[in-house]
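What the coordinates show
Here are the chains, one letter per residue:
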Amino acid sequence: MRKVKIGIIGCGNISSIYMQNLTRTFANTEVYACADLNPEKMEAAASEYGIPNQWTAEQIITSDEIEIVVNLTTPKDHFELCRQALEAGKHVYVEKPLSLSSEQGRELVRLAKEKGVLLGGAPDTFLGAGLQTCRKLIDDGFIGEPVAATAFMVNHGHESWHPNPSFYYKKGGGPMYDMGPYYLTALVSLLGPAQTVAGMTKKSFEQRTITSEPRFGEVIDVEVPTHIAGTVRFHGGAVATLITSFDVWSSTLPCIEIYGTQGTLIVPDPNTFGGPIRLRTAHGDTFSEIPLLHQYEENSRGIGIADMADCILHGGTPRAGGELTSHVLEIMDAFHSSADSGQYVTLQTSCEQPRSLPTGLVKGQVR
Ligand SMILES: NC(=O)c1ccc[n+]([C@@H]2O[C@H](COP(=O)([O-])OP(=O)(O)OC[C@H]3O[C@@H](n4cnc5c(N)ncnc54)[C@H](O)[C@@H]3O)[C@@H](O)[C@H]2O)c1
């Protein structure tokens, strides 16, 4: 099988799992070049994963060799680097969120269409064994028609572990833009596109103190809301309640539950690829744990890129595609704009419910 050549911009915290999977797990990808403003990080990544070229972002974007540009920089740099890569005729896959605003997201979707290239973005956890098994259970009617869902992502932020956590408290950060993509992409994958959003937001702490190294003790100003609550109505009729918060020290809330006319499905953490999954039907007395039916239970970040590579090789549109990530970005924006205006927000974007993955895949393959 021909391998699609990938250039990765950003060799930071999240990059190693991508490099590992794109060089060692997936059969149709090859990391041909990497770039980072910090030469030490770039050299370390290139040497660990045998990446043959250490280039600048510009060299990756303009190279005739590179087919997919993977943008793993922090949110403020997502739009401009993606725009340049699309303009240069490259397929682009970007970490979440797609950009800092839904206007920018829509612009990238438009530009990709104009240039006839593929756009996609994280998260791709919804292609893992856990969420794909949940999708199959819903599609096969195990809980009847979905009527509602709850989704909760609450913790006390990332300044206790991330080496450089400031971006989580600037525009493009906050719990919704950081973690909402996992929860909302999972919900759109399970329930289809959303229609209307109502939100409320709060900033409970004006400053945060970093307790991780190397910036231990440094105080960061919080520029964005850090507690976001609201509801989403889906085109299919289900209503989801969602809370994302960096203001909660501890809780016992579940990650995602889907309530159907015939039962309840307890969905695994959408920031993981595996289980557990629990199901209780209308007439059952207890929840039963459901075995995972699909491949990719372990951390398979990059499967969305392998799926994009598959589309380059065989045709089709990526499952973790631009319209999905742009729709999720608009939902996240809508929580904030609804809170600011005190009004429900009717969404402008939509997307196809992403195609499910088949069962029985061989590891390393996406078809
Ligand atoms: N850290 C995590 O656990 C995690 C998990 C999932 C997703 N993400 C997402 O991944 C993205 C990156 O997060 P991170 O934690 O790896 O951040 P990071 O700060 O550790 O890494 C980003 C890297 O991008 C480099 N960079 C920025 N602009 C560049 C340019 N023009 N050219 C070359 N290099 C450039 C920086 O030097 C830095 O090394 C974010 O969007 C984040 O939301 C992070």
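Residues numbered from 1 in each chain as written. Predicted model: local features only at pLDDT ≥ 70, side-chain atom pairs only at ≥ 80, totals over all residues. Heavy atoms only, no water.

What about the overall build of the protein?
Short version of the rule: Secondary structure is summarised from DSSP: a helix means a run of H or I of at least four residues, a strand means a run of E of at least two, and numbering begins at the N terminus for each. For the radius of gyration, the atoms used are the C-alpha atoms, and the globule rule reads 2.2 Å times the number of residues raised to 0.38. Each residue's exposure class comes from its accessible area (1.4 Å probe, protein chains only) as a fraction of the maximum for that residue type: buried when under 20%, exposed when over 50%, partly exposed otherwise. Only heavy atoms enter the contact rule, under which two residues are in contact if any of them lie within 4.5 Å. Here the accessible surface of atoms and residues is derived via Shrake-Rupley with a 1.4 Å probe, and residues count as covered only by protein chains that are part of the display. Within this scheme the basic residues Lys and Arg register as positive and the acidic residues Asp and Glu register as negative, but His and the chain ends are omitted. By convention, the point assigned to a charge is CZ for Arg, NZ for Lys, CD for Glu and CG for Asp.
Helix and strand counts for the protein stand at nine helices and 17 strands. The C-alpha radius of gyration of the protein comes to 20 Å, within 12% of the 21 Å expected for a compact globule of 367 residues. Each of the three principal axes of the protein carries a C-alpha extent, and together these read 60 × 50 × 35 Å. Per-residue burial over the protein gives 56% buried out of 367 residues. Across the protein, the fraction of contacts at a sequence separation of at least 24, relative to all contacts at a separation of at least 6, is 73%. Split by element, the accessible area of the protein, about 15,200 Å² in all, is 50% carbon and sulfur. Charged side chains in the protein number 29 positive and 41 negative. The centres of these two groups are separated by 3 Å.

Quick notes on the domain arrangement of the protein
Cut-off, in case you're wondering: The split of the chain into domains comes from an automatic or database domain assignment. Defined in terms of a 1.4 Å probe, buried area is the accessible area two parts forfeit on being brought together, summed over both. Here a salt bridge means any side-chain nitrogen of Lys or Arg lying within 4 Å of a carboxyl oxygen belonging to Asp or Glu. N or O atoms closer than or at 3.5 Å make up a polar contact, with two conditions inside protein: a donor-capable atom paired with an acceptor-capable one, and, for residues adjacent in sequence, both atoms drawn from side chains.
We note that the domain assignment places domain 1 (4-125 + 300-318) and domain 2 (126-290) within the protein. Inter-centroid distance (C-alpha atoms) of domain 1 to domain 2 is 25 Å. The partner domain 2 presents 19 residues to the 13 residues of domain 1 that form the contact. Area buried by domain 1 at its contact with domain 2 is led by K96, P123 and T125, which between them contribute 41% of it. Inspection of the region where domain 1 meets domain 2 yields one salt bridge. With a shortest N-O distance of 2.7 Å, K96 and D178 are connected by a salt bridge. Counting across the domain 1 and domain 2 interface gives eight residue pairs in polar contact (both at pLDDT 80 or more).

Things to note about the confidence of the model for the protein
Worth spelling out the cut-off: As a per-residue measure, pLDDT tells how confident the predictor is, with possible values from 0 to 100.
Per-residue confidence for the protein gives a mean pLDDT of 97, with 100% of residues at or over 70. Mean pLDDT values over the elements of the protein span from 96, in strand 10 (residues 219-221), up to 99, in strand 4 (residues 68-71).

A few points about the site of the ligand
As a reminder of what qualifies: Throughout this document, a residue counts as near a molecule or strand when at least one of its heavy atoms sits within 4 Å of that molecule or strand.
Around the ligand lies a shell of 23 residues, among which N13, D36, K41, K96 and H162 are the nearest. One of the backbone nitrogen or oxygen atoms of I14 is found 2.9 Å away from an oxygen atom of the ligand. One of the backbone N or O atoms of K96 is found 2.9 Å from an oxygen atom in the ligand. For the ligand, whose accessible area on its own is 830 Å², the fraction buried by protein is 87%.

Digging into the UniProt feature "domain: GFO/IDH/MocA-like oxidoreductase" (unreviewed entry) in the protein
So the rule is basically this: UniProt positions are given in the numbering used here, feature names are shortened, and annotations may be inferred rather than shown by experiment.
Per the UniProt annotation, the sites labelled "domain: GFO/IDH/MocA-like oxidoreductase" (unreviewed entry) are residues 132-265. The span residues 132-265 is 19% helix and 35% strand, and its two end C-alpha atoms sit 13 Å from each other.

Some points on helix 8 (residues 303-314)
Rule in force here: Expected span of a helix, by definition, is 1.5 Å for each gap between consecutive residues, and there is one gap fewer than residues.
Taking 1.5 Å of rise per residue, twelve residues should cover 16 Å, and helix 8 covers 16 Å from first to last C-alpha, within 8% of that figure. Within helix 8, nine of the twelve residues are buried, which leaves it mostly tucked inside the rest of the structure. Taken residue by residue, helix 8 has I303, G304, I305, A306, D307, M308, A309, D310 and C311 as its buried positions. Downstream of helix 8 by one or two residues, G315 has phi in the positive range, about 90 degrees.

Here's the deal with the sheet that holds strand 11 (residues 227-234)
Strands belonging to one sheet form pairs held by backbone hydrogen bonds; the direction of such a pair is parallel or antiparallel. The following threshold applies: DSSP bridges decide pairing: two strands pair if at least two such bridges lie between them. Helix axes use the C-alpha atoms of the stretch in contact, all axes being lines fitted to C-alpha atoms, and the angles between their N-to-C directions lie in the range 0 to 180 degrees.
Read from one edge to the other, the open sheet built from nine strands follows the order 16-15-14-13-7-12-11-8-17, with strand pairing classed as mixed. Pairing within the sheet leaves two strands with one partner each, and these edge strands are strand 16 (288-290) and strand 17 (345-346). The pairing of strand 8 (residues 194-202) with strand 11 spans eight bridges and is antiparallel. For A198, the partnering residue across the bridge sits in strand 11 and is T231. Along the sheet, helix 6 (residues 129-139) contacts strand 7 (146-154), strand 13 (256-260), strand 14 (263-267), strand 15 (277-281) and strand 16; its crossing angle with strand 14, the most-contacted strand, is approximately 170 degrees. Relative to the sheet, helix 9 (residues 322-341) contacts strand 8, strand 11, strand 12 (239-245) and strand 17, its axis offset from that of strand 8 by approximately 50 degrees.

Considerations on the pairing of strand 7
Direction of pairing for strand 7 relative to strand 13: antiparallel, over a ladder of five bridges. What sits directly across from P146, in strand 13, is G260.

Re the environment of E87
In this fold, E87 is placed in helix 4 (residues 78-87). For E87, a relative accessible area of 39% corresponds to the partly exposed category. In sequence terms E87 and L37 are 50 residues apart; their C-alpha atoms lie 22 Å from each other. Excluding anything up to four places from it in sequence, E87 contacts L111 and K115.

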